[in-house]
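Spelled out from the first residue to the last, the chains are:
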Amino acid sequence: MITSLLVANRGEIARRIFRTCRTLGIATVAVHSDPDADAPHVREADLAVRLPGAAPADTYLRADLLVRAALDAGADAVHPGYGFLSENAGFARAVLDAGLTWIGPPPEAIAAMGSKTAAKALMAGAGVPVLTVGAEPVEADLPLLVKAAAGGGGRGMRVVRTLAELPTALAAARAEAAAAFGDDEVFCEPYLPTGRHLEVQLLADAHGTVWAVGDRDCSLQRRHQKVIEEAPAPGLAPDLRARLHAAATAAARAIGYRGAGTAEFLLASDGRLAFLEMNTRLQVEHPVTECVTGLDLVALQLAVAEGEKLPADPPPSRGSAIEARLYAEDPARGWRPATGTLHLLDIPGVDVEFATLPTAATAATATAAQVTATGLRLDSGVADGGRITVHYDAMLAKVIAWAPTRAAAARRLADALGRARLHGPATNRDLLVRALRHPAFLDGAVHTAFLTDHAAELTAPDDKSAPLAALAAALADAAARRPGPHALPSGWRNLPSQPQTKHYRPADADTAPDHPAATLDVRYRLTRDGLLAEDHPGVQLLHSTGESVDLLVDGVRHRYRIARYGDRVHVDGPTGHHALVALDRFPDRAAELAPGTLLAPMPGTVVRVAARAGDRVTAGQPLLWLEAMKMEHQVTAPADGTLTALHAEAGRQVDTGAVLAVVDPAPEAATA
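The model shown is predicted, which means the values in this text are computed figures rather than measured ones. (Residues numbered from 1 in each chain as written. Predicted model: local features only at pLDDT ≥ 70, side-chain atom pairs only at ≥ 80, totals over all residues. Heavy atoms only, no water.)

Asker: With reference to specific residues and values, describe the pattern of salt bridges.
Answerer: Under the criterion given, the structure shown has 36 salt bridges. Arg325 is the salt-bridge partner of Glu285, the closest N and O atoms lying 3.0 Å from each other. Taken as a pair, Glu285 in the loop between strand 13 (273-279) and helix 9 (286-293) and Arg325 in strand 14 (residues 320-327) lie far apart in primary sequence, 40 residues in all. When sorted by exposure, Glu285 lands in the same class as Arg325, which is buried. Here Arg564 ties to Asp477 by a salt bridge, and the two come within 3.2 Å at their closest N and O atoms. Residue Arg564 is located in strand 29 (residues 556-565), and its partner Asp477 is located in helix 17 (residues 466-480); the two are separated by 87 residues in the primary sequence. Given the relative accessible area of 29%, Arg564 is considered partly exposed. One salt-bridge network, held together by shared partners, links Glu199, Arg216, Lys226, Glu229, Glu264, Glu285 and Arg325. (Salt bridge = Lys/Arg side-chain N within 4 Å of Asp/Glu carboxyl O. Helix = DSSP H or I, 4+ residues; strand = E, 2+ residues; numbered from the N terminus. Buried < 20%, exposed > 50% of the residue type's maximum accessible area, 1.4 Å probe, protein only.)

Asker: Let's hear about the nonpolar core: which residues, and what values?
Answerer: Counting residues in hydrophobic clusters, the biggest one holds 39 residues, and the most contacted among them are Ile228, Ile347, Leu413 and Phe441. Those elements that provide at least two residues to this core are strand 11 (225-231), strand 14, strand 20 (375-380), strand 22 (395-403), helix 12 (406-419), helix 13 (429-437), helix 14 (439-442) and helix 15 (450-453). Counting residues per element, this core draws most heavily on helix 12, which supplies seven residues. Not counting chain neighbours up to four residues away, the residues in contact with Ile347 comprise Leu376, Leu378, Val399, Ala416, Ala420 and Leu422. (Core = buried A, V, L, I, M, F, W, Y, C linked by side-chain atoms within 4.5 Å. Contact = heavy atoms within 4.5 Å.)

Asker: Go over the packing of helix 3 (residues 63-72) against helix 4 (residues 89-97), please, and point to the residues and values.
Answerer: It is at 10 Å that the axes of helix 3 and helix 4 come closest, and there the two elements cross at 30°. Judged on the interaxial angle alone, helix 4 and helix 3 are roughly parallel. Once helix 3 is placed against helix 4, the crossing between them reads as right-handed. Along the contact surface, helix 3 presents Ala63, Leu66 and Val67, while helix 4 presents Phe91, Ala94 and Val95. A breakdown of the residues in the contact of helix 3 with helix 4 according to their chemical character gives six nonpolar, no polar and no charged. (Axes fitted to C-alpha atoms, helices over the stretch in contact; angles between N-to-C directions. Parallel < 35°, antiparallel > 145°, perpendicular 65-115°, else oblique. Left-handed = near helix turned anticlockwise from the far one by under 90°. Nonpolar A, V, L, I, M, F, W, Y, C, P; charged D, E, K, R; others polar.)

Asker: Describe unusual backbone geometry, and please don't skip the residues or the numbers.
Answerer: Following Leu142, the chain continues to Pro143 via a peptide bond in cis, the omega torsion being -5°. Relative to the assigned elements, Pro143 resides in the loop between helix 6 (116-125) and strand 6 (144-148). Here Ala231 and Pro232 are connected by a cis peptide whose omega angle stands at -5°. A positive phi angle, near 50°, is found at Phe84, a position not held by glycine.

Okay, here's the thing in structure tokens:
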């Protein structure tokens, strides 16, 4: 029997596992890198062991340090979570060799699925349908997807639409795969741009029982990484669902699987079903399955590891659950990750954290028509005041809604995200809300290109509400400067005078010199007759403090909540959230730089350089790649010209705003 468990991971998955351990009476041990020394998962554990260093390669990816930490802390079992070493057969063997219980499948099963090429061959032999391309792709195979054999999470993947692109794509994928996984093997498979990404949650014990615990749709993705997941997968015909579950079960039996795992499939628009891969671990999106079944998958992992036998069949699914991954990133600008201090993460209406929703349990004994309640779950690895760094994944939290119907779950989740107060780095919150409310999504017309196809409408700036948000920020600033509760408002005049003036701009513009955002200029007077706002005639000020402003706009009361952190101002109002910078206190560094200067858009590490100083370059030509938050980001030439300076080399770490290169747009001098 397990008495003390070390989680060889961090963040929300560590907290999720600790939550179940507390329920079961199991002591908990955390590990942490130096940047994570005060992270929530460390504070919540009974014991914590430091892994010296910051980079994952020096900490969470060191199997020897993790095993030693478990032994030193007196743990008798190790749970790998997901990511890092969760699918590393060598780590599983090291844990078992140390006399510890491994919460996962046998090392042999992990190894069997460790290479996607070997796994596909094994699955084909077991009668599971797979996607294949010949050793030498031809025109008829296009488009293709180049994938890393040992990869995951979108790393080492490239889409190829012409055979001429293939050599470059193969080279780039190999380089990225080698850097990410230590293995540069890649392969090609047919690329189905509008296919659906389906998966089946599996659970198997040591006594021959294999559960197919329902299915999920994970089609809404960016850069081949999931953003919105749901259970059950919508719109599947009964015979297709049966085939899907049968194929997943066959995959598990083919490798003698034990524990929790996921079989992933691609569903083509013509109904073809093909095996993609098997993740030999718990999935990020496991909460949606828990919410529709009432199961605790972590508790079942522990039970299987202790040798318990599963019942013959899993419980049925009830209702619908949808999960949104809240990332610190800017979808409108290439999903660029964001870093900095997370001042506030407040999701209203959360019922539970890291636990099965009570409403889902109610549904097990009632029909959908009888159950009208919805539920909201939050799984997060961050805390207010924490730093979001480049060392780890950009995910801040997972927000999960359960309801009797899919439409009700989408509505509840969109509403909670829309009302959330998120103060700090940029997030993908607005995209999530718009996607959940999109007619095509609500109709079940989901596929892996959904976010790309609808990018313009999902990421369009909210220019209409920004000026009112800036006015509210200015009025709150004025109220905060009042000397006392009975004093006249700051800027109040008994006689006509010059208006009060305040200048703002969107907060993301300060790290993006190429951002097209306009300055938000606020001019107003506070007179005996009330507010006179030059750009908002007729708007009335009803109430103002340093933290809230109420405006009457066309007879409708708008309430704004304002928070200031240095020069950053966060305004939460009825039309959404706006993060602003007060320009009178924030110099525009970009204006001081020469045209064609390229600044680092984020802190990160230069992983590749594709040009040299003195080269002639063309607009859009890749110059270098930065790695941050488990993703590579391309830096391209802004215009045709000469690369007059290059301040980057592979392996160099850079901070936000560092000068990377300068492209002189002047035409090349004519030669005699």
